[in-house]
Amino acid sequence: MTIRVLIADDQMMVRQGFTVLLNAEPGIEVVGQAVDGLDALEKAAELGPDVVLMDIRMPRLGGIDATRRLTGEPGSAVKVLVLTTFDLDEYVYEALRAGASGFLLKDASADELAQAVRVVAAGDALLAPNLTKRLIAEFSRVSAGPRAPRRERAGDLTERETEVLSLIAQGLSNAEIAAGLVVAEQTVKTHVSRILVKLGLRDRTQAAVFAYESGLVRPAGY
């Protein structure tokens, strides 16, 4: 199946450059472009993309609020991949908390761009590249400690689910978790699905944010 992509960025050269790169990839089609957050909401409703490449800083409505509104729609299946110029960006962290499934540097190669779109579209939202994990760890570190409501919600998980959540936050894939726990990969997938349902999260990236903010996982060196 073809992955339908909407590109939202106020810079025409960025929109056009990404459009050319993605349309050259098999199984990916850019179905539209948006010049700001409001335009992205309108185009997403009209075109029904699978993935939205969303710039953070745009006029009228920025990428964080647009992401929150897109992913907050009941039954919404659209995935948001945030575009940024540098990795340790607090605004990108806020976008991840708002529902984005990951982020991508604007100077990414064609291969990195296509791979990111495919990963996010598949619903895996793996913490790859490792920049995503590093970003979450950095900004959860400087926040005002674990958030009490999240600590309480973590108590709904079983011991094994808590263990799996911790490994997700460390950036491990299902296959790596299965190997480490000596269980079938399908068993890990079941645990991941239950974790997301119990915590009301969209994907693995949201699970990693939750794990750090609840204090379940501590950034390295702290």
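Residues numbered from 1 in each chain as written. Predicted model: local features only at pLDDT ≥ 70, side-chain atom pairs only at ≥ 80, totals over all residues. Heavy atoms only, no water.

What am I meant to see in the overall build of the protein chain here?
Assigned secondary structure in the protein chain consists of 11 helices and 5 strands. Burial analysis of the protein chain (222 residues in total) assigns 49% to the buried set. Partitioning the contacts of the protein chain with sequence separation of at least 6, the portion at a separation of at least 24 is 69%. (Helix = DSSP H or I, 4+ residues; strand = E, 2+ residues; numbered from the N terminus. Buried < 20%, exposed > 50% of the residue type's maximum accessible area, 1.4 Å probe, protein only. Contact = heavy atoms within 4.5 Å.)

Is there a simple way to explain the nonpolar core in this structure?
The tendency in soluble globular proteins is for nonpolar side chains to be buried side by side. Counting residues in hydrophobic clusters, the biggest one holds 51 residues, and the most contacted among them are Met-54, Leu-70, Val-82 and Leu-165. No other element matches the 6 residues that helix H11 (residues 204–213) contributes to this core. Sequence-distant contacts of Met-54, defined by excluding residues within four places in its chain, comprise Ala-8, Ala-40, Gly-63, Ala-66, Thr-67, Leu-70, Val-80, Leu-81, Val-82 and Leu-83. Listed in part, the 19 residues of the second largest apolar core include Phe-18, Val-30, Val-51 and Ala-116. (Core = buried A, V, L, I, M, F, W, Y, C linked by side-chain atoms within 4.5 Å.)

Explain the pairing of strand E2 (residues 28–34) to me, please; I cannot follow it from the model alone.
The side chains of a regular strand alternate between the sheet's two faces. Inspection of the sheet shows strand E1 (residues 3–8) paired to E2 by 6 bridges, in the parallel sense. Counterpart to Ile-7 in the pairing with E2 is Gln-33. After leaving E1, the chain enters helix H1 (residues 12–23) and then returns to the sheet as E2, a path that is right-handed. (Pairing = 2+ DSSP bridges. Right-handed = clockwise from strand over helix to strand, strands pointing away.)

In short, geometric facts, not functional conclusions.
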